[in-house]
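# Coordinate analysis (summary)
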Amino acid sequence: MNRRTFLLSAAVSMAALALPVLSSSSQASSAHTLPPLPYADNALEPVISARTIGFHYGKHHKAYLDNLSKLTAGRDYADLSLEDVITRSAKQAGDAAIFNNAAQLWNHTFYWRSMRPNGGGTPPQALREKIEASFGSVDACKQLLAGAAISQFGSGWAWLAQDGDKLRVVKTGNADNPITSGLTPLLNVDVWEHAYYLDYQNRRADYVNAVLDKLVNWEFAQQNLKA
């Protein structure tokens, strides 16, 4: 090998070493991401501890993104919005794993925003009027939400959702959400055990009632209302 060939070969090798090694998840579309929490991980204490947030957001929520990235790599799903992935995969029996991870990624992002530090209280006027027209009172709405969350068998979610001009309280199992039924989600409560077990053990009702009394983000729910 002459000196010129040696130098060219060495330069190519050094350039190759400088390139980052891409994992399967980093090659997936950036359309699917893990949004940052809207508050510090200790901001919901004492209702939800920083320890629970650390495991829930940092482990469980992130795992749904990692799994979805691997499952959709090289497929047209990778270029769709998360909502489109959910609605399309829900109709494909062979894509149950994609649906579960996409929906859980979406559900959890929605859940973090359904709460805020020093939440609860009285909903903003437009939402309050919708709630009163649909349920009679804010307290009646909260009771229905609590009942749906507490009575959901196994893992799942309780939702305040919009159905045309009316609001509804619905519960869904596992990863399912109201989008697949044509409803507009306004807020949700996570009743998978990883959402509360470190803080409340088997006392799901205590967790649900504390969230609805002290953390629920009515302002976020109003932002999701459709005219």
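Scroll up a little and you will see the structure.
This report concerns the structure included in the present document. (Residues numbered from 1 in each chain as written. Predicted model: local features only at pLDDT ≥ 70, side-chain atom pairs only at ≥ 80, totals over all residues. Heavy atoms only, no water.)

### Some thoughts on the sheet that holds strand β2 (residues 166–173)
- The sheet built from 3 strands is open, its strands ordered β2-β1-β3 with antiparallel pairing. Edge positions in the sheet fall to β2 and β3 (184–190), since each of these pairs with one other strand and no more. Looking at each pair of strands side by side, their axes are set apart by 25 degrees on average, direction ignored.
- Across 8 bridges, the pairing between strand β1 (residues 156–163) and β2 is antiparallel. Bridging across to β2, Gln162 finds its partner in Leu167. (Pairing = 2+ DSSP bridges. Helix = DSSP H or I, 4+ residues; strand = E, 2+ residues; numbered from the N terminus. Axes fitted to C-alpha atoms, helices over the stretch in contact; angles between N-to-C directions.)

### Considerations on helix α4 (residues 96–113)
- For α4, spanning 18 residues, the distance from its first C-alpha to its last is 26 Å, which sits close to the expected 26 Å at 1.5 Å a residue.
- A large share of α4 lies buried, amounting to 13 of its 18 residues. (Expected span 1.5 Å × (residues − 1). Buried < 20%, exposed > 50% of the residue type's maximum accessible area, 1.4 Å probe, protein only.)

### Quick notes on helix α3 (residues 82–89)
- Here α3 has its buried residues at Leu82, Val85, Ile86 and Ser89. Axial view of α3: buried residues confined to an arc of 100 degrees, hence all on one face.
- Those residues of α3 that are buried lie in contact with α2 (50–72) and α4. (Arc of directions from axis to C-beta. Contact = heavy atoms within 4.5 Å.)

### Looking at the side chain of His56
- Among the structural elements, His56 can be located in helix α2.
- In this structure His56 comes out as buried when scored by relative accessible area, which is 1%.
- Within polar-contact distance, the side chain of His56 engages the side chain of Asp190 at 3.1 Å.
- Sequence-distant contacts of His56, defined by excluding residues within four places in its chain, comprise His61, His108, Tyr111, Trp112, Asp190, His194 and Ala195. (Polar contact = N/O pair within 3.5 Å; in protein donor to acceptor, adjacent residues only side chain to side chain.)

These values are about where atoms sit, not about what they do.
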